[in-house]
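Below, each chain spelled out in residue letters.
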Amino acid sequence: MTEKKFPLDKTALEKIAQKYPTPFYVYDEKAIIENVRRIKAAFSVFPSYKNHFAVKALPNPYILKILCAEGFGADCSSYPELLLAEMAGMKGEDIMLTSNETPASQYEAARKMGAVINLDDFTHIEFLEKTAGLPELISFRYNPGPLKEGNAIIGKPEESKYGFTREQLIKGYSLLKEKGVKRFALHTMVASNELSVPYHIETARMLFELAVEIKEKTGVRIEFVNLGGGVGIPYKPEQDAVDYQTLTGSIQKAYNEVIKGTGLDPLGIRTEWGRNITGPYGWLVARAIHKKEIYRKYIGLDACMADLMRPALYGAYHHITIPGKEAAPLTEVYDVVGSLCENNDKFAIQRSLPKIDTASENGTGDFVVIHDAGAHGRAMGFNYNGKLRCGELLLRQDGSIVQIRRPETTEDYFATLDLAGVKDFC
Ligand SMILES: *Cc1c(COP(=O)(O)O)cnc(C)c1O
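Residues numbered from 1 in each chain as written. Predicted model: local features only at pLDDT ≥ 70, side-chain atom pairs only at ≥ 80, totals over all residues. Heavy atoms only, no water.

1. Points about the environment of valine 369
- Looking at where valine 369 falls in the secondary structure, it is placed in strand S15 (residues 367-370).
- With relative accessibility at 0%, the residue valine 369 sits in the buried group.
- Along the chain, valine 369 and histidine 318 lie 51 residues apart, while their C-alpha atoms are 9.7 Å from each other.
- Those residues in contact with valine 369, other than ones at most four positions away along the chain, are Phe6, Leu13, Trp283, Leu284, Val285, His319, Ile320, Thr321 and Pro323. (Helix = DSSP H or I, 4+ residues; strand = E, 2+ residues; numbered from the N terminus. Buried < 20%, exposed > 50% of the residue type's maximum accessible area, 1.4 Å probe, protein only. Contact = heavy atoms within 4.5 Å.)

Okay, here's the thing in structure tokens:
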């Protein structure tokens, strides 16, 4: 069971909304930092452990700065993400570039920054050599194919476009060695939003065993393994969070069994967790503006799937609470919907909730808080249907509120158009 908390009460929200009208995202700095420290404590058995926060989960430089101050690096997959990491003060090998179908210009940018380049394919060795040139340290992404089960969001490794096969890895490290590369790393990313601890332990063991095999077959010594992202969060109250101590305890056991006593010890451990770092500590706050009753009862919000598309995209569950009505009985069953002209724009379907008051009834309307939106939330937003994405607020440790991204305006929406050109056009 996971208690679904929200750090602000209705009165505090009313005050915030006077300055920053809904909808908005709000992130809890204190909770993020406490979570990061729990993770670091659990991994303290591996002194060189580092998490490279997956920038795509929450690409805001203020958040990245908080994480950088805690010793985290970044995992980037595009040029703008590399720039965000740099903006946050991250440097050199604290930044990883794990991308695929990568343009030469992106490799060049990563190389200039001294970021760790994680190659997605055997053919990219030569591509990198011919374009940006081979750096001293290179990482490969492994795709275990049929050797590892996938999960619902990421799919089966066998059907996934990412990474090297086992044979290609062996050939690849040998080739790098021939070409004079000095330092080597190994990466995989096989699951997304996976709550099963055994699954993640198995991934670590798989990489440990592979590092041993690589050493035996090629003489290449892997410096660190990167277990990727994909640790799940309990979106549903009846789910439990991954216990970090249990996880690292078992990873250590696998390490002792597979790596200790080989020439690979000490082997560095890295992760590129995104979702479980910030996900539970971000909320989308909207207001109920309309209510309608046809074949079902609907509550219409001032936010829509352009602000948070996980429910529409994956049928994902996001818990909903109504500030001021936390203890109220769940007497109603609603579809809670946004304004997009797509019928899958529903934050919740047939959800039991307290009776919700709307702006059309009482002028303001209840706040509707959508939980676990701190990762892959605002970041996946879009402008389809002329929707302007909402802004982001940060609840600081001292209780103050800072706007860390303003809401979009119509000017932003039109910014890529040459409007003068339109005027003179036929
Ligand atoms: C998305 C992604 C991550 C982060 O995944 P989470 O589920 O947010 O932990 C890490 N690494 C790679 C390569 C990714 O594509």
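2. A look at the nonpolar core
- One finds Tyr173, Leu186, Phe208, Ile222 and Ile269 to be the most contacted residues of the largest nonpolar core, which totals 102 residues.
- Sorting elements by how many residues they give to this core places helix H8 (residues 197-218) first, with ten residues.
- A domain split of this core shows at least three residues from each of domain 1 (45-273) and domain 2 (280-414).
- In this structure, Phe6, Leu8, Tyr20 and Trp283 belong to the second largest nonpolar core, which totals 14 residues. (Core = buried A, V, L, I, M, F, W, Y, C linked by side-chain atoms within 4.5 Å. Domains from an automatic or database assignment.)

3. Describing the pattern of salt bridges
- All chains considered together, the criterion is met by 26 salt bridges.
- Measuring nitrogen to oxygen at the nearest pair gives 2.8 Å for the salt bridge that ties arginine 183 to glutamate 223. Separated by 40 residues along the polypeptide, arginine 183 in strand S7 (residues 183-188) and glutamate 223 in strand S8 (residues 222-226) bring together distant segments of the chain.
- Notably, a salt bridge pairs lysine 253 with glutamate 257, separated by 3.2 Å at the nearest N-O pair. Of this pair, lysine 253 and glutamate 257 both sit in helix H9 (residues 244-258), four residues apart, roughly one helical turn.
- Taking the relative accessible area as the measure of exposure, lysine 253 reaches 52% and is therefore exposed.
- Shared partners join several salt bridges into a network, and the residues in it are Glu93, Glu136, Arg183 and Glu223. (Salt bridge = Lys/Arg side-chain N within 4 Å of Asp/Glu carboxyl O.)

4. Let's talk about the layout of surface pockets
- By volume, the largest pocket amounts to about 870 Å³.
- The wall of the largest pocket is formed by 36 residues, among which Ala54, Lys56, Ser77, Glu81 and His376 lie closest to the centre.
- Elements supplying a minimum of two residues to the lining of the largest pocket: strand S3 (73-76) and helix H11 (310-314).
- Of the residues in the lining of the largest pocket, the class split is 13 nonpolar, ten polar and 13 charged. (1 Å grid on protein atoms, 1.4 Å probe; cavity = no way out; pocket = protein on both sides within 12 Å on 5 of 7 lines; lining within 4 Å. Points joined across faces, edges and corners; volume = space filled by probe spheres on them. Nonpolar A, V, L, I, M, F, W, Y, C, P; charged D, E, K, R; others polar.)

5. What to know about the site of the ligand
- By nearness alone, 13 residues border the ligand, and Lys56, Gly230, Glu272, Arg275 and His376 come closest of all.
- Within the contact set of the ligand, an oxygen atom lies 2.6 Å away from a side-chain nitrogen or oxygen of lysine 56.
- One of the side-chain nitrogen or oxygen atoms of aspartate 75 is found 3.4 Å away from a nitrogen atom of the ligand.
- In isolation the ligand exposes 390 Å². Once the protein is present, 90% of that is buried.
- Here the ligand occupies the largest pocket.
- In the shell around the ligand, the residues fall into three nonpolar, five polar and five charged. (Near = heavy atom within 4 Å. Polar contact = N/O pair within 3.5 Å; in protein donor to acceptor, adjacent residues only side chain to side chain. Areas by Shrake-Rupley, 256 points an atom, 1.4 Å probe, with all protein chains shown as cover. Sits in = over half its atoms within 2 Å of the grid points.)

6. Considering empty space enclosed by the protein
- The full count for this structure, using the stated rule, is two cavities of 30 Å³ or more.
- Quantified by volume, the largest cavity comes out at close to 90 Å³.
- Lining the largest cavity, in full, are Val190, Ala191, Tyr199, His200, Thr203, Leu227, Gly228, Gly229, Val231, Leu247, Ile251 and Trp273.
- Sorting the residues of the lining of the largest cavity by element identifies H8 and H9 as the ones contributing at least two each.
- No other element matches the three residues that H8 contributes to the lining of the largest cavity.

7. Brief notes about the packing of helix H2 (residues 29-42) against H9
- One way to put it is that H2 packs onto H9 with a least axis distance of 9 Å and a crossing angle of 25°. What the angle tells us is that H2 and H9 run roughly parallel. Of the two possible hands of crossing, H2 and H9 adopt the one that is right-handed. For the pair formed by H2 and H9, the contact residues are Asn35, Arg38, Ile39, Ala41 and Ala42 on the first element and Tyr244, Gln245 and Thr248 on the second. (Axes fitted to C-alpha atoms, helices over the stretch in contact; angles between N-to-C directions. Parallel < 35°, antiparallel > 145°, perpendicular 65-115°, else oblique. Left-handed = near helix turned anticlockwise from the far one by under 90°.)

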